[in-house]
Amino acid sequence: MRNLLVTGGAGFIGGNFVHYMRKTRPGLRIIVLDKLAYAGNLENLKGLHEGPGFSFVRGDICDFDTLDNLFGREKIDTVVNFAAESHVDRSILGPRAFMETNVMGTFTLLDAARKHWVDGGTVRPEETRFLHVSTDEVYGSLGDTGYFTEDTPYSPNSPYSASKASSDHIVRAYHHTYGIRAVTTNCSNNYGPYQFPEKLIPLMIINALNGRPLPVYGDGGNVRDWLYVEDHCRAIDAALQKGRPGQTYNIGGGAEKKNMEIVELICSIIDEKAATDGALQGLYPFKGPRKGLIRFVKDRPGHDRRYAIDCGKIEAELGWRPQVTFEEGIRKTVEWYIDNRPWWEKILSGEYMRYYEHQYGGS
Ligand code: NAD
Ligand code: DAU
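Now for a look at the structure at hand. Quick caveat: nothing in here was measured; it's all calculated off a predicted structure. Counting from 1, residues in each chain are numbered in the order their sequence is written. Note on labels: chains are lettered from A, ligands numbered from 1, in written order. pLDDT decides what is reported in this predicted model: residues at 70 or higher carry local features, side-chain atom pairs at 80 or more are listed and counted, and totals for whole chains, interfaces and linings draw on all residues regardless. Here the side-chain values reflect all heavy atoms present in the structure, with hydrogen atoms and water set aside.

For the rest of this paragraph, the subject is the overall build of the protein. For the protein, the count of helices and strands is 13 helices and 12 strands. Dimensions along the principal axes, computed over C-alpha positions, put the protein at roughly 65 × 45 × 40 Å. The rule is simple: take the accessible area with a 1.4 Å probe, protein chains only, and divide by the maximum for that residue type; under 20% is buried, over 50% is exposed, in between is partly exposed. The buried share among the 363 residues of the protein stands at 56%. Taking the contacts inside the protein whose residues are at least 6 apart along the sequence as the reference set, 82% of them involve residues at least 24 apart. Methods summary: accessible areas were calculated by the Shrake-Rupley approach with a probe of 1.4 Å, and residue burial reflects only the protein chains presented. Of the roughly 14,900 Å² of accessible surface on the protein, a fraction of 51% belongs to carbon and sulfur atoms. In this charge count, Lys and Arg are treated as positive and Asp and Glu as negative; neither His nor the chain ends contribute. All charge positions are set by atom: Lys at NZ, Arg at CZ, Asp at CG, Glu at CD. Side-chain charges of the protein comprise 43 positive and 46 negative groups, with the mean position of each set lying 2 Å from the other. Numbering of helices and strands starts at the N terminus; helices are DSSP runs of H or I of at least 4 residues and strands are runs of E of at least 2. Contacts between residues were defined by any pair of non-hydrogen atoms, one from each residue, lying within 4.5 Å.

Dropping the structure here:
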């Protein structure tokens, strides 16, 4: 691995991954390609300086010519594909962008890799690797028991998960048909620094700080398996180094939580901090208890009830397991959003705010 192309590297997980790789593999050249769609933010790459080890290119994974140039010019031998439309609610409101980026974009990226790695031979085929970052949502919804394994049949329920499932199948086909050395990872819900504040955890932290309503969908009993984003970055690195081409690996945090549990925990962490920190209380004058801000709102259509991951394969084959407990990770995350108010204030003042008001009438 010499010249690594990270698509979607200005987003939440991609940004964390680029920081992680710069820290742990300083000799590697990283080229980030990102369209800077609404969730892409160059501030997520702050502190990384353009130079021999890192460069940023604004571009779309649906654009073959851009990819073709980049693969040739930069002698790309490794790809990690994070670029995607990633938010389920948005996929319900407007599915087209999901099909374009997640399906056609992944296809176009694979096709550029095929041209340069299989047909053109710009780099030695045995030194190439294509890692496709996917989701546990492709497996559908679980009942009260059981876990997703790599053999669980695909059963996507939202336009988002259907688009990701399609992309996984295209990756598989490019491995089997053209010999692209591809690995797919299917990960559970991530949380941590730089997550766009439309997702459950950052949305609830910011609203709770500001004394705004906390919209819980349905009965709040839906379960997700939460993973701290740096643990996901470590897992992707392990899959890049040691994953077997053609294989898929599930990644999860072993931290199943009901949505209500999470929202209540965020409320109590913030109340507790505000009680002992005068400066915080001054910045966010809302007098708790913040649990009083919880509002049950209309459920998400087709809302999957429960996700839970069996990580046995990645643990056994690649020696990976999560290192950050949910209790540690959620505290670190609340602290990050408290310490990085300018980051999210800029976002809230713009496009995201309009979207939020469209969905919840500004409440
Ligand atoms: P994100 O929405 O924060 O970031 C996506 C990035 O992709 C943004 O920077 C955006 O500008 C970029 N992008 C969008 N369309 C593009 C295009 N056509 N060309 C180039 N760049 C484009 O998403 P995230 O949460 O960081 O998720 C990253 C990947 O991980 C996605 O593929 C997602 O499906 C997967 N995933 C996410 C989670 C999670 O909990 N967030 C869990 C498992 C898997
Ligand atoms: O499982 C992995 C997936 O996790 C990723 O593939 C997706 O990219 C990522 O967005 C995430 O999908 P979810 O739909 O699970 O995440 P979200 O943060 O949108 O919602 C988490 C849960 O919280 C879900 O049950 C819906 C609920 N929810 C969400 C929001 C935004 C609420 O109750 N209220 C809210 O305001």
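Residue position: T128 is located in the loop between α4 (96-119) and β5 (129-135). Taking the relative accessible area as the measure of exposure, T128 reaches 3% and is therefore buried. Within 3.5 Å is the distance limit for a polar contact, defined as a pair of N or O atoms, with the added protein rule that one can donate a hydrogen and the other accept it, and that residues adjacent in sequence qualify only through two side-chain atoms. Looking at T128, its side chain comes within polar contact range of the main-chain oxygen of P125, at 2.6 Å. In this view, T128 contacts D77, W117, V123 and R181; residues no more than four positions away in its chain are not counted.

Below, the discussion takes up the site of ligand 2. Near residues are defined by distance, with any heavy atom within 4 Å of the molecule or strand qualifying the residue. Neighbouring ligand 2 are 25 residues, the closest being T135, D136, Y160, R300 and H303. Within the backbone of L200, one N or O atom sits 2.8 Å away from an oxygen atom of ligand 2. The contact in question runs from an oxygen atom of ligand 2 to an N or O atom on the side chain of H303, over 2.7 Å. Here ligand 2 has 690 Å² of accessible area as a free molecule, and 94% of this is covered by the chains. Among the secondary structure elements, those contributing two or more residues to the shell around ligand 2 are α6 (200-210) and β8 (214-217). Polar here means any residue outside two lists: the nonpolar Ala, Val, Leu, Ile, Met, Phe, Trp, Tyr, Cys and Pro, and the charged Asp, Glu, Lys and Arg; Gly therefore counts as polar. Class assignment of the residues belonging to the shell around ligand 2 gives a composition of 11 nonpolar, 8 polar and 6 charged.

Function-wise, these values are silent; they only describe arrangement.
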